Amino acid sequence: MRIGFGYDSHRLVAGRRLVLGGVEIPHDKGLSGHSDADVLVHAVCDAILGALAAGDIGRHFPDTEPAYKNISSLKLLEHVRNLGEQKGYAIHNLDSTIVLEKPKLAGHIPQMLRTLAETLKISVDCISIKAKTNEGMGFTGLQEGIAAYAVVTIVQKGDR
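Remember, predicted model here, so these are calculated numbers, not experimental data. (Residues numbered from 1 in each chain as written. Predicted model: local features only at pLDDT ≥ 70, side-chain atom pairs only at ≥ 80, totals over all residues. Heavy atoms only, no water.)

Chemist: How should the pattern of salt bridges be read in this particular structure?
Modeler: Once the charged atoms of two side chains with opposite charge are near each other, the side chains can pair. If you walk through the whole model with that rule in mind, you get 3 salt bridges. The closest approach of N and O atoms between E85 and R81, which form a salt bridge, is 3.2 Å. One end of the pair is E85 and the other is R81, both in helix α3 (residues 73-86) and 4 residues apart, which spans about a single turn. (Salt bridge = Lys/Arg side-chain N within 4 Å of Asp/Glu carboxyl O. Helix = DSSP H or I, 4+ residues; strand = E, 2+ residues; numbered from the N terminus.)

Shown next, in the form of C-alpha cells:
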C-alpha cells in the first residue's frame, strides 16, 4: 500500500463556472485557471501522482499547453488513474476536504461522490468529501479563493 497527499487552490473570479468534484455548483463566481480549475479533482490528481512517485499535476498537464485550456479536470483524473493502472496500482481509498466559505456544498456532495467514484472506478464507500469553512480567516475565509486537500491510498492490483 502507498499513500499520497495532494493540495490545490484557485482564486474565485466573476465570469467562470464553479466546478468542484466534477460537478457544476451554482454560484456567482467560479475558479480561475487554465482548465476548469476544479481544486478538488486537482488535489486528488496530485495525491495519486504522489502515491505513484510520479511528480505533480503541473508536470503532467502544463498550463502552457493549449490542449488543456478549459478541459474538464475529470479527463485529467482519468489519465492519472490510467497511469496508476499501467504501473499496476488501483485506488483503494480517498479522503478529501474542500475549504470555502460559500456556497454550501452539503447538497452537492452526493453527486461529487458518484462522479469521482465513476471516474476512479471505485465504490462510493471508498471516498470521503468534507466541506469546511475557514471561519473568515485567510484567502478562503475572505472568499478570495477555494482550497482542497486529498489523501489517497493505492494498492497493487490484486491486493484489494
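Chemist: Would you take a moment to explain the packing of α3 against helix α4 (residues 109-120) for this structure?
Modeler: Each pair of packed helices gets described by two things: the angle between the helix axes and the distance between those axes. Between α3 and α4, whose axes approach to 9 Å, the crossing angle comes to 40°. The orientation of α3 relative to α4 falls into the category oblique. Listed contacts from α4 to L74, L77, E78 and R81 of α3 are T115, L116, T119 and L120. Counted by class, the contact of α3 with α4 contains 4 nonpolar, 2 polar and 2 charged residues. (Axes fitted to C-alpha atoms, helices over the stretch in contact; angles between N-to-C directions. Parallel < 35°, antiparallel > 145°, perpendicular 65-115°, else oblique. Contact = heavy atoms within 4.5 Å. Nonpolar A, V, L, I, M, F, W, Y, C, P; charged D, E, K, R; others polar.)

Chemist: I keep staring at the pairing of strand β1 (residues 2-13) and nothing clicks. Help me out?
Modeler: Moving residue by residue along a regular strand, the side chains alternate between the two faces of the sheet. Bridging between β1 and strand β7 (residues 145-156) involves 10 bridges; their strand directions are antiparallel. When the sheet's bridge partners are listed, S9 is paired in β7 with A147. Pairing between β1 and strand β4 (residues 30-31): 2 bridges, direction antiparallel. Looking across to β4, one finds that L12 is bridged to L31. (Pairing = 2+ DSSP bridges.)

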